[in-house]
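# Chain and residue survey
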Amino acid sequence: QARVAIPVALALVALVSGGAWAWNRNAKVRWAHDVAIPEIKRLADQAQFFTAFGLVEEAGKYIAGDQVLADVRTAVSRPATIDTQPQGAEVYYKPYDADADVPWTHLGTSPIKDAAVPRGVLRLKIEKNGWATVEDALPPYLDRTFSYGPFSYVLDEQSTIPPGMVRASTSG
């Protein structure tokens, strides 16, 4: 009887686990469609692009490829192209008016081509070990046809910059 009971118990556990996973996945898909997308649209109407973009990223985990999500992504974000000399620098952004305690969001490692970033004015920070940190502001392209960049930054070796100094912009 143990020969039959153990496989039946394992099959039941697998069935229940699979059902729970499917229910949880379906609930997240419903959340993305029924809650996140309407909220993204509301936030976009109020020009709260950074918050809306965070919701787009979260909803994208559950409904990647969804056309409605793609449409609202376009409404709240822009592609950004950023290069550095030397390449291989880490690029971060946050809202221009964010408090100092708001964490930076990692965009990627340069060169970066057409990475999605929220619309609006953004602060940009570029870091690479041994090189001076660069900070800049990305302009507020509000027209839906524009992208950010391409921007190119030249990093200075750390030893060539006076202590406490940060290059404000080299994007020209």
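For the structure given in this document, a descriptive report is provided here. Sequence order sets the numbering: in each chain, residues are counted from 1 along the sequence as written. Confidence filtering applies because this is a predicted model: local features only for residues at pLDDT of at least 70, side-chain atom pairs given and counted only at 80 or more, and all residues used for totals across whole chains, interfaces and linings. With hydrogens and water set aside, each side-chain value is computed from the structure's full complement of heavy atoms.

Further remarks concern the nonpolar core. In terms of nonpolar packing, the biggest core is built from 18 residues, with I82, V91, Y93, L107, L124, I126 and Y153 touching the most fellow members. The way it works is that DSSP assigns letters per residue, a run of H or I at least four long becomes a helix, a run of E at least two long becomes a strand, and they are numbered from the N terminus. Of all the secondary structure elements, the ones that give two or more residues to this core are β1 (77-85), β2 (90-95), β4 (112-118), β5 (122-128), β6 (131-138) and β7 (148-154). Residue contacts are counted whenever heavy atoms from the two residues lie within 4.5 Å of one another. Sequence-distant contacts of I82, that is, excluding residues within four places in its chain, are made with V91, L107, S110, P111, I112, L124, I126, F151 and Y153. We call a set of buried Ala, Val, Leu, Ile, Met, Phe, Trp, Tyr and Cys residues a nonpolar core when their side-chain atoms join them within 4.5 Å. To sort residues, take the accessible area from a 1.4 Å probe on protein chains only and compare it with the maximum for the residue type: under 20% means buried, over 50% means exposed, and anything in between is partly exposed. Listed in part, the 16 residues of the second largest apolar core include A44, L55, V72 and V76.

Glancing now at the packing of aromatic side chains. Here the aromatic set is Phe, Tyr and Trp, taking the six-membered ring for Trp, and pairing holds for ring centres within 6.5 Å; pairs whose planes are under 30 degrees apart are stacked, those over 60 apart are edge-to-face, and all others are tilted. Following the criterion strictly, the structure yields two aromatic pairs and no others. For the pair W31 and Y62, a centre-to-centre distance of 6.2 Å together with 85 degrees between the ring planes defines the contact as edge-to-face. Placement of the pair is W31 in helix α1 (residues 2-45) and Y62 in helix α2 (residues 49-63), with a sequence separation of 31 residues. Judged by centre distance (6.1 Å) and plane angle (80 degrees), the ring pair of F50 and Y93 falls under edge-to-face. One end of the pair, F50, is in helix α2; the other, Y93, is in strand β2, and 43 residues separate them in sequence. Two thresholds decide whether a charge sits over a ring: the Lys NZ or Arg CZ must be within 6 Å of the ring centre and within 35 degrees of the ring normal. Across from the ring centre of Y92, 5.7 Å away, lies the NZ or CZ of K125, which sits over that ring.

On to the packing of α2 against helix α3 (residues 67-76), then. Running from N to C, α2 and α3 point in directions that differ by 155 degrees, and their axes come no closer than 10 Å. What the angle tells us is that α2 and α3 run roughly antiparallel. The way α2 lies across α3 gives a crossing that is left-handed. Touching F49, A52, F53, V56, E57, A59, G60 and I63 of α2 are L69, V72, R73, A75 and V76, all from α3. Polarity classes work like this: nonpolar for Ala, Val, Leu, Ile, Met, Phe, Trp, Tyr, Cys and Pro, charged for Asp, Glu, Lys and Arg, and polar for all others, with Gly in that last group. Here the contact of α2 with α3 is built from residues that sort into 10 nonpolar, one polar and two charged. Helix axes are fitted to C-alpha atoms over the stretch in contact, other axes to C-alpha atoms as well, and angles between N-to-C directions run from 0 to 180 degrees. An angle below 35 degrees is treated as roughly parallel, one above 145 as roughly antiparallel, one from 65 to 115 as roughly perpendicular, and anything else as oblique. Crossings are sorted by hand: turned counterclockwise from the far helix by less than a right angle, the near helix makes the crossing left-handed, and turned clockwise it makes it right-handed.

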